[in-house]
Structure formats: C-alpha cells, structure tokens
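If you want the building blocks of each chain, they are given just below.
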Amino acid sequence: MNRLISKMILMATIAWPCLAQDQGRSEISASYSILPSENTLGNIWLGFSNKGPHGNRNLTVRRGAFFATYKYFITDRIAVGAATGFNRYANESNFRYTDFTGLDAQTVTTAGEVTWIFFKKPAIKLYAMAGLGFYTMRASVDNYHTATTTNGATMQITPIGIRFGKKMGVFTELGYGYKGIINTGVHVKF
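Parameters and conventions
Residues numbered from 1 in each chain as written. Predicted model: local features only at pLDDT ≥ 70, side-chain atom pairs only at ≥ 80, totals over all residues. Heavy atoms only, no water. Helix = DSSP H or I, 4+ residues; strand = E, 2+ residues; numbered from the N terminus. Buried < 20%, exposed > 50% of the residue type's maximum accessible area, 1.4 Å probe, protein only. Contact = heavy atoms within 4.5 Å. Areas by Shrake-Rupley, 256 points an atom, 1.4 Å probe, with all protein chains shown as cover. Pairing = 2+ DSSP bridges. Axes fitted to C-alpha atoms, helices over the stretch in contact; angles between N-to-C directions. Polar contact = N/O pair within 3.5 Å; in protein donor to acceptor, adjacent residues only side chain to side chain.

## What to know about the overall build of the protein
- Counting its regular elements, the protein contains two helices and ten strands.
- The order of helices and strands in the protein, counted from the N terminus, is α-β-α-β-β-β-β-β-β-β-β-β.
- When the 190 residues of the protein are sorted by exposure, 37% land in the buried category.
- A sequence separation of at least 24 residues applies to 62% of the contacts in the protein between residues at least 6 apart.
- Accessible area for the protein stands at about 10800 Å²; split by element, carbon and sulfur atoms hold 67% of it.

What follows is the structure in structure tokens.
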C-alpha cells in the first residue's frame, strides 16, 4: 500500500508542473479600455501644471478604445508582446484641444509590452504590465476644416491585473496610459 501511495505522489509531482506551464505558449486578447490616454507623458506634465496651452483643462469621460494584444511567454512568469488599439473618440486624451468643442479626433496606438506574473494558480493569475510605443492622432475641428495629424510616444503602466481561466478566460487591468485606467476583455491561450 505504501508503495502505491508513493508512486501516486511521484506521478502527481511530475504531472503537476505540466498543468500550469506557460513557457513557449502564445496568447491573444481583445479588450476595451476606459479613459485611454495616448499622450501619456504630455498629460502627466499637464497634470502637474493643471493648465493646458488654452487655460484650464477639463477631462471629459467619453467612449474608450478597443485593443488587440498578442503575448508570447518566454518563461512561466514573463511574457513579451505587442498591442494595437483604436480610439474613435480621443478628445479627452489630448488636452490641448479641449477649447475646440467640435473636435473630431481618432487615434491608432501600437506598443510593445512586457508582463510579469507575480501570483499564479492554474485558473487565476495576478500580474503587472508595462508598455512603450507610439500613437498617431488625426484631428479636425469640423468636417469643413483640414485635419491635422499628430504623432508621439506613449506608454502604459499597469501595476495590477487579474486573469481568470486557463486556455480561455477574462481579465481586468488597472493602470494609466494608452490602455486607460481600466482595461477589460477576453483572452485565448494556445
């Protein structure tokens, strides 16, 4: 009987790490972010001064941005990847335009990301993420005026994110940057 129990324990210790291994796997996700800030560095600077070039700035909560992300796990706890997002209503993400009420601004964001998983169970993960990239904003005051294009650097700092699910699941992230203050969505690992 003792021999059977010891064999079962040995098999369980060999098989258990295989159940939670992520190294060499890929993941794709689709998400929606609330209050994205493509011009992160500029907004942080304006936050210290509390003024934009046109006077006091007003942050308006509008619609968010959609993102598609790909990650590759180089170890069980570290993933690298890329994200692309589209923000149809980017007015609140570039404060220098707040005096123009008829502004129509759209942004496309592309960034590289690094994710570090600091708590891991088979169906739940807690992690932190950082990203650095660039955005392109196309803005016009109204349909009758010429549009301007602005390019710039952007970043994302996410100190806490939580994922539920093994191969498929949902996630929510809290941070600041191009993926907003709250970013939530679905993921598929393969």
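Moving on, there is more to tell.
## So, the pairing of strand β9 (residues 168–177)
- Every second residue of β9 is oriented toward a common face, the buried set being Gly 169, Phe 171, Glu 173, Gly 175 and Gly 177 and the non-buried set Met 168, Val 170, Thr 172, Leu 174 and Tyr 176.
- Inspection of the sheet shows strand β8 (residues 148–164) paired to β9 by seven bridges, in the antiparallel sense. Bridged to Ile 162 within β9 is Thr 172.
- In this antiparallel pair of consecutive strands, β8 and β9, the connection spans three residues, and Gly 165 shows a positive phi of 110 degrees.
- Relative to strand β10 (residues 182–189), β9 is paired through seven bridges, and the arrangement is antiparallel. Its bridge partner lying in β10, Gly 169 is registered against His 187.

## Quick notes on the sheet that holds β8
- Read around the barrel, eight strands follow the order β1-β4-β5-β6-β7-β8-β9-β10 and close on themselves; strand pairing throughout is antiparallel. Across the sheet, the mean angle from the axis of one strand to that of its neighbour is 25 degrees, orientation sign disregarded.

## Comments concerning unusual backbone geometry
- Phi is positive for Leu 35, close to 60 degrees, though the residue is something other than glycine.
- Structurally, the position occupied by Leu 35 is in the loop between β1 (26–34) and α2 (40–49).
- The buried category is assigned to Leu 35, whose relative accessible area is 17%.

## Some words on the environment of Glu 173
- By secondary structure assignment, the location of Glu 173 is in strand β9.
- It is 9.2 Å that separates the C-alpha atoms of Glu 173 and Gly 185, two residues lying twelve residues apart in sequence.
- Aside from chain neighbours lying at most four places away, what touches Glu 173 is Tyr 127, Met 129, Thr 158, Ile 160, Gly 161, Arg 163, Lys 179, Ile 181, Ile 182 and Asn 183.
- In this structure the side chain of Glu 173 is engaged in a polar contact, spanning 2.8 Å, whose partner is the side chain of Tyr 127.

## Points about the pairing of β1
- With eight bridges joining them, β1 and strand β4 (residues 65–73) adopt antiparallel strand pairing. Its bridge partner lying in β4, Ile 28 is registered against Tyr 70.
- Both β1 and β10 contribute to a ladder of eight bridges, which runs antiparallel. Pairing of Ser 33 across the sheet is with Asn 183, part of β10.

## So, the side chain of Glu 113
- Mapping Glu 113 onto the fold places it in strand β6 (residues 104–121).
- Engagement of the side chain of Glu 113 in a polar contact is seen with the side chain of Tyr 178, the distance being 2.9 Å.
- A polar atom in the side chain of Glu 113 sits 3.1 Å from the side chain of Lys 179.
- Not counting chain neighbours up to four residues away, the residues in contact with Glu 113 comprise Thr 69, Lys 71, Ala 79, Val 80, Gly 81, Ala 83, Met 129, Ala 130, Gly 131, Tyr 178 and Lys 179.

Honestly, it's all geometry; don't read function into it.
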